[in-house]
Amino acid sequence: MAELLGRHEYQLDPKGRISLPAGYRDELGAGVYITLGMDGCLWAFPEAEWERQRQDVEGWPLSAPGNRRYARIFFGNAERAELDGQGRLVLPRRLREKARLEKDVVVIGVGTRLEIWSRDALARDEDEVESRYRAGDLLPER
């Protein structure tokens, strides 16, 4: 299982590429699936984790409108990508535009996936939730 951890700041090159640290490259070497995430970021899944997520979403009943809508966004925005020979990941233009990624981006390892944020959007999100986390007021929903 993937273990993607840490925080790294990058600048997108003119082709929408970011260089990834060696640890991330090892986890994503077999391929990576990029899709629209939540909270204003992109999600990037290693192939094995993408398969788990895919099976989970496909197991939801189609009779529920929320399930159909979630699957439509999750899969309809997904693209398979490969790292190039220099360990760079190309972020598709369409997804960069949806996440408003321009130049300064932050890549966060969140265990089994990467989140790719605009530096400004992440700063706004962190301002909102970090103090709640420190106070013990931001708890997982189960």
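Just so you know, these numbers come straight off a predicted model, no measurement behind them.

S.K.: Explain the layout of surface pockets to me, and be specific about the residues and the numbers.
M.R.: Of the volumes computed, that of the largest pocket is approximately 350 Å³. Around the largest pocket sit 16 residues that line it, and D39, E115, W117, D125 and V129 are the ones nearest its centre. Elements supplying a minimum of two residues to the lining of the largest pocket: β7 (104–111), β8 (114–118) and α5 (119–134). Looking at the second largest pocket, its volume works out to about 240 Å³. Along the walls of the second largest pocket sit 13 residues, with A99, R100, S118, D120 and A121 positioned nearest its centre. Broken down by element, the residue count for the lining of the second largest pocket peaks at four residues, all from α5. The residue makeup of the lining of the second largest pocket, split by class, is two nonpolar, two polar and nine charged.

S.K.: Describe the side chain of E115, listing the residues and the values that go with them.
M.R.: Mapped onto the elements of the fold, E115 is located in strand β8. At 2.7 Å, the side chain of E115 and the side chain of R113 are in polar contact.

Definitions and limits used
All residue numbers refer to position in the chain's written sequence, counted from 1. Reporting of local features is limited, given that this is a predicted model, to residues whose pLDDT is at least 70; pairs of side-chain atoms are given and counted only at 80 or more, and all residues count toward the totals for whole chains, interfaces and linings. Processing note: side-chain calculations cover all non-hydrogen atoms of the structure and skip hydrogens and water entirely. In this analysis a 1.4 Å probe is tested at points of a 1 Å grid over the protein atoms alone, and where it fits but cannot get out there is a cavity; an open set with protein on both sides within 12 Å along at least five of seven lines is a pocket; lining residues have an atom within 4 Å of a point. Grid points are joined across faces, edges and corners, and a volume is the space filled by probe spheres set on the points. Numbering goes from the N terminus for both helices and strands, where a helix is a DSSP run of H or I of at least four residues and a strand is a run of E of at least two. In this count, Pro and Cys sit with the nonpolar residues alongside Ala, Val, Leu, Ile, Met, Phe, Trp and Tyr, while Asp, Glu, Lys and Arg are called charged and the others, Gly among them, polar. For this analysis, a polar contact is any N or O atom pair within 3.5 Å, provided that within protein one partner can donate a hydrogen and the other can accept it, and provided that sequence-adjacent residues contribute only side-chain to side-chain pairs.

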